[in-house]
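Examining the three-dimensional arrangement
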Protein chains: 2
Amino acid sequence: MVAQLNDAERQAALATLPGWEYDSKRDAISRKFKFADFTEAYAFMTRVAIYAEKADHHPEWFNVYNNVDITLTTHDAGENGGLSQRDIDLAMKIEEIL
Amino acid sequence: MVAQLNDAERQAALATLPGWEYDSKRDAISRKFKFADFTEAYAFMTRVAIYAEKADHHPEWFNVYNNVDITLTTHDAGENGGLSQRDIDLAMKIEEIL
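Bear in mind that the values here come from a model prediction, so they are computed numbers and not experimental data. Starting from 1, residues in each chain are numbered consecutively following that chain's sequence as written. Chain letters and ligand numbers both follow the written order, the letters beginning at A and the numbers at 1. For a predicted model such as this one, the threshold for reporting local features is a pLDDT of at least 70, and the threshold for listing and counting side-chain atom pairs is 80 or more; totals across whole chains, interfaces and linings nevertheless cover every residue. Side-chain measures were taken over the full set of non-hydrogen atoms in the model, leaving aside hydrogen atoms and water.

**Re the overall build of chain A**
Which entries qualify depends on this criterion: The secondary structure listing takes helices from DSSP runs of H or I that are at least 4 residues long and strands from runs of E that are at least 2 residues long, numbered from the N terminus. Exposure categories follow from relative accessible area, calculated using a 1.4 Å probe and restricted to protein chains: below 20% of the type maximum is buried, above 50% is exposed, and the middle band is partly exposed. Whether two residues are in contact is decided by their heavy atoms: any pair within 4.5 Å suffices. The Shrake-Rupley method, run with a 1.4 Å probe sphere, supplies the accessible areas, and residue values consider only the shown protein chains as cover. Positive charge is attributed to Lys and Arg, negative charge to Asp and Glu, and no charge count is given to His or to the chain ends. By convention, the point assigned to a charge is CZ for Arg, NZ for Lys, CD for Glu and CG for Asp.
Along chain A, the regular secondary structure elements total three helices and four strands. Its helices and strands in sequence order give chain A the pattern α-β-β-α-β-β-α, from N to C terminus. With the principal axes as the frame, chain A shows a C-alpha extent of 40 × 25 × 20 Å. Relative to its 98 residues, chain A shows a buried fraction of 45%. Excluding contacts between residues fewer than 6 apart, the proportion of contacts in chain A whose partners are at least 24 apart in sequence is 63%. Accessible surface for chain A amounts to roughly 5,300 Å². Of this, 48% is attributable to carbon and sulfur atoms. The average position of the 10 basic charges and that of the 17 acidic charges among the side chains of chain A differ by 4 Å.

Given below as structure tokens:
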């Protein structure tokens, strides 16, 4: 079981991730990315994929052509899944990769 | 403008793709795939991505961990986008990669 962030922790974390939106229904964060073309988008995804596998924490993501929509939540945080520090770490890494 | 498949063409094509579902609202086909783990799923996606880029015809897809959901339609087929031979070719290639 992973610790779910409380309100204060979540607000502090989101303040450092201005591009990310909070979904209170799912207790998840998401961001939409747009690239020059498909290969740029997929190259970005591949860098994220390798990091995610190393961290053993994987994104939910949708891609069509140059668009990549990423949602982060932790399935084993809280009772029904929710935002944890692992999501914040992955979001920060994604920003760095960008 | 790419030619949209008519009913007979679509039915003949779908008969060769038993795992794929037809969405009449979007005039699109989709299939859900499940792999052993994330690296298996992402390796599959990467093979599809390289083929899609070569064919200049890209999937809409969603991935979370070992699940990959793929939807195929052609944005410049018909008036509002629809199924074309390019989708059938990509679906057949995906089956081959699998």
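Anyway, onward from the coordinates.
**Topic: the nonpolar core**
How we decide: The set of buried Ala, Val, Leu, Ile, Met, Phe, Trp, Tyr and Cys residues whose side-chain atoms join them within 4.5 Å is what this entry labels a nonpolar core.
Residues Phe 44 of chain A together with Phe 44 of chain B are the most contacted members of the largest nonpolar core, which totals 50 residues. Contacts of Phe 44 of chain A, omitting those with residues within four sequence positions, involve Phe 33, Phe 35, Val 68, Ile 70, Ile 94, Ile 97 and Leu 98 of chain A.

**Quick word on the packing of aromatic side chains**
Selection criterion: Stacked, edge-to-face and tilted are the three classes for Phe, Tyr and Trp ring pairs, Trp counted by its six-membered ring, which pair at centre distances within 6.5 Å; planes under 30 degrees apart are stacked, over 60 edge-to-face, the rest tilted.
Scanning the entire structure with this criterion turns up 11 aromatic pairs over all chains. Ring centres of Trp 20 of chain A and Phe 33 of chain A lie 6.1 Å apart, and the angle between their planes is 70°; on these two criteria the pair is classed as edge-to-face. On the criterion of sequence distance, the pair formed by Trp 20 of chain A in the loop between helix 1 (7-15) and strand 1 (21-23) and Phe 33 of chain A in strand 2 (residues 28-34) is long-range, its members being 13 residues apart. Consider the rings of Phe 33 of chain A and Phe 44 of chain A, whose centres lie 5.2 Å apart with planes at 45°: the pair is tilted. A residue pair is termed long-range when its members are at least 10 positions apart, and Phe 33 of chain A in strand 2 and Phe 44 of chain A in helix 2 (residues 38-55) qualify at 11 residues. The exposure class assigned to Phe 33 of chain A is buried, which follows from its relative accessible area of 5%. On the accessibility criterion, Phe 44 of chain A (5% relative accessible area) is buried. The structure contains a cluster of three or more aromatic residues connected by ring pairs, namely Phe 38, Tyr 42 and Trp 61 of chain A together with Phe 38, Tyr 42 and Trp 61 of chain B.

**Points about the relation of the copies chain A and chain B**
Let me state the cut-off plainly: To line up the copies, we fit them by least squares on C-alpha atoms, keeping just the residues with pLDDT of at least 70 in both.
Rotating chain A by 180° about the axis while translating it 0.0 Å along that axis superimposes it on chain B, leaving an RMSD of 0.0 Å. Taken together, the rotation and translation relating the two chain copies correspond to the operation of a two-fold axis. In terms of proximity to the rotation axis, the leading residue of chain A is Phe 62 of chain A, whose C-alpha is 2.1 Å off the axis. A share of 100% of interface residues in chain A that are also interface residues in chain B marks the association as one of identical surfaces.

**Digging into the interface of chain A and chain B**
Note the threshold: For any pair of parts, buried area is found by adding up, for both, the accessible area (1.4 Å probe) each one loses once the two are put together. Within this document, salt bridges are pairs made up of a side-chain nitrogen of Lys or Arg and a carboxyl oxygen of Asp or Glu, the two lying within 4 Å of each other. We call two N or O atoms a polar contact when they sit within 3.5 Å, provided that within protein one can donate a hydrogen and the other can accept it, with sequence-adjacent residues counted only if both atoms are side-chain atoms.
The interface of chain A with chain B comprises 16 residues on the first partner and 16 residues on the second. Of the roughly 1,500 Å² buried where chain A meets chain B, counting both sides, 68% is carbon and sulfur surface. Remark: the boundary between chain A and chain B carries zero salt bridges. Counting every contact that joins chain A to chain B gives five residue pairs in polar contact (both at pLDDT 80 or more). Looking at the side of chain A that touches chain B, the elements that each hand over two or more residues are helix 2 and strand 3 (60-64) of chain A.

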